[in-house]
Amino acid sequence: MNLEEFKKFREKMNERILEEGTLNTKRFFNLDGNVYKKGALDEKTKELMGLVASMVLRCDDCITYHMIRCAQLGVSDEEFFETFDVALIVGGSIVIPHLRRAVKLLEDIREMQKNGKDVSI
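Residues numbered from 1 in each chain as written. Predicted model: local features only at pLDDT ≥ 70, side-chain atom pairs only at ≥ 80, totals over all residues. Heavy atoms only, no water.

Points about the packing of helix α3 (residues 43-57) against helix α4 (residues 60-72)
It is at 9 Å that the axes of α3 and α4 come closest, and there the two elements cross at 160°. As judged from the angle between their axes, α3 and α4 are roughly antiparallel. As α3 runs across α4, the sense of the crossing is left-handed. Side by side, α3 and α4 meet where Glu43, Glu47, Leu48, Gly50, Leu51, Ser54 and Met55 of the first sit next to Cys62, Ile63, Tyr65, His66, Met67, Arg69 and Cys70 of the second. Here the contact of α3 with α4 is composed, by residue class, of 8 nonpolar, 3 polar and 3 charged. (Axes fitted to C-alpha atoms, helices over the stretch in contact; angles between N-to-C directions. Helix = DSSP H or I, 4+ residues; strand = E, 2+ residues; numbered from the N terminus. Parallel < 35°, antiparallel > 145°, perpendicular 65-115°, else oblique. Left-handed = near helix turned anticlockwise from the far one by under 90°. Contact = heavy atoms within 4.5 Å. Nonpolar A, V, L, I, M, F, W, Y, C, P; charged D, E, K, R; others polar.)

Some details on the environment of lysine 37
Relative to the helices and strands, lysine 37 resides in the loop between α2 (23-35) and α3. Of the residues examined, lysine 37 reaches a relative accessible area of 46% and is grouped as partly exposed. Along the backbone, lysine 37 and glutamate 47 are 10 residues apart, and their C-alpha atoms lie at a distance of 9.3 Å. Sequence-distant contacts of lysine 37, that is, excluding residues within four places in its chain, are made with Glu43 and Lys46. Among the polar contacts listed, one links the side chain of lysine 37 to the side chain of asparagine 34, at a separation of 2.8 Å. (Buried < 20%, exposed > 50% of the residue type's maximum accessible area, 1.4 Å probe, protein only. Polar contact = N/O pair within 3.5 Å; in protein donor to acceptor, adjacent residues only side chain to side chain.)

What about the packing of aromatic side chains?
How two aromatic rings sit relative to each other is set out by the distance from centre to centre and by the angle between their planes. Here the structure, examined in full by the defined rule, presents 2 aromatic pairs. Ring geometry for phenylalanine 81 against phenylalanine 84: centres 5.2 Å apart, planes inclined by 75°, an arrangement best described as edge-to-face. You can see phenylalanine 81 and its partner phenylalanine 84 sitting in helix α5 (residues 77-91), 3 residues apart, about one turn around the helix. (Phe/Tyr/Trp six-rings, centres within 6.5 Å; stacked < 30°, edge-to-face > 60°.)

Below, the structure written as structure tokens:
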């Protein structure tokens with residue numbers, strides 16, 4: 001699934017879930033959205049933490065989401081690769097396939113940015 005397909009699918013399904021979901025589902029989505037807002041830690045740091053957790057838990061959708069958000073927040077390639085190192089240390093070699101996909105995604109994001117395309121989510 002490319003980035004555009006990912007964004008459209010995510011948006012469509014989130015809308016459907018929030019239309020039909022229970023109060024608990026809506027509360028969880030609200031909490032998930034709010035926890036990454038600036039507080040004692042800035043948004044960039046929180047998104048990088050989310051990226052590490054997503055890589056360790058091996059959730060490709062979550063990795064994609066956090067990579068997009070990190071790119072929006074100005075994370076450099078060097079910062080991404082140091083973050084990938086943390087995920088590798090915490091998660092071990094099982095993270096390597098997800099690291100490969102994350103690096104490919106970073107290439108795609110940078111190409112989109114180079115061509116003036118919006119990578120926001």
